[in-house]
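Chain residues, written in single-letter form:
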Amino acid sequence: FMKKLSLLLCSCLVTFSLLAQQKINAEKSEITFSVLNMGVSVEGSLSGLEGKVTFDPYDVENATFDVSIDPSTVETGNGLRDKHLNNKKNLLYTKIFPTIDFVSKKVVESDDGRTYKVLGDLTIKETTKEVEIPFKFSEQDDESVKLVGSIEIKRLDYGVGGNNTTLIGEDV
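The structure reproduced in this document is the subject of the present report. All residue numbers here refer to positions counted from 1 along the written sequence of the relevant chain. It should be noted that, the model being predicted, local features are given only for residues of pLDDT at least 70 and side-chain atom pairs only at 80 or more, the latter also being counted only at that level, while totals for whole chains, interfaces and linings use all residues. Heavy atoms from the whole structure form the basis of all side-chain values; hydrogens and water molecules are not counted.

Another aspect to go through is the pattern of salt bridges. Pairing of side chains with opposite charge becomes possible as their charged atoms draw close. Salt bridges are counted wherever a side-chain nitrogen of Lys or Arg sits within 4 Å of a carboxyl oxygen of Asp or Glu. Under the counting rule described, the total for this entry stands at two salt bridges. In this structure, Lys105 engages Asp121 in a salt bridge whose closest nitrogen and oxygen atoms are separated by 3.4 Å. With a gap of 16 residues between them, Lys105 in strand 7 (residues 100-109) and Asp121 in strand 8 (residues 115-124) connect regions that are remote in the sequence. Across the salt bridge formed by Glu130 and Lys105, the nearest N and O atoms sit 2.7 Å from each other. Of this pair, Glu130 sits in strand 9 (residues 127-139) while Lys105 sits in strand 7; the two residues are 25 residues apart in sequence, bridging distant segments of the chain. Through salt bridges with shared partners, one network takes in Lys105, Asp121 and Glu130. Strands here mean DSSP runs of E at least two residues long; helices mean DSSP runs of H or I at least four residues long; both are numbered from the N terminus.

Put into structure tokens, the structure is as follows:
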């Protein structure tokens, strides 16, 4: 079946108030992903993003991200597939690995002055890999800010889904 959830910040929408260090508003935050399953794109989401983000576009050098999500919240529109993803040892196996975590090492402003990149460690199951996530920042009417980023990862790098890339795409 689909072994997709190596996906963490495939598409991440994070909303929080712009003050010093902020707790993420889990209700307004989402992580979405897509992966090929037998040649068909399957989309899904994770909910309940938690952690702290310190971000000020005028003080990027001191920005930090320390976030995690519960992979058992996976939702693909197919309850049997979701249960399969959570319970199989070669998939997410959420009983043993209850969180997917990202901790930043540094944040830099891109040359265009409108986008940023966060470099940090993404941990899925027992594997931690350094990743770079480009993101955009925007202020919202309710005095919160929105950070939207996207990343493509290789599920095999994180031991998710076995070695077959014919049935299940490697990129998430």
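Of the strand pairs in this sheet, strand 5 (residues 50-54) and strand 6 (residues 64-69) are connected by five bridges, and their pairing is antiparallel. In the strand pairing of strand 6, Val53 is matched with Phe65. By the bridge criterion, four bridges tie strand 6 to strand 7 in an arrangement that is antiparallel. Across the sheet, residue Val67 finds its bridge partner in strand 7, namely Phe102. At least two bridges found by DSSP between two strands is the condition for calling them paired.

Our focus in this paragraph is unusual backbone geometry. Despite not being glycine, Tyr93 shows a phi value in the positive range, around 45°. Although it is not a glycine, Lys125 sits at a positive phi angle of roughly 55°. By secondary structure assignment, the location of Lys125 is in the loop between strand 8 and strand 9. The exposure class assigned to Lys125 is buried, which follows from its relative accessible area of 15%. In this scheme, a residue with accessible area under 20% of its type's maximum is buried, one over 50% is exposed, and one in between is partly exposed, where area comes from a 1.4 Å probe on protein chains only.

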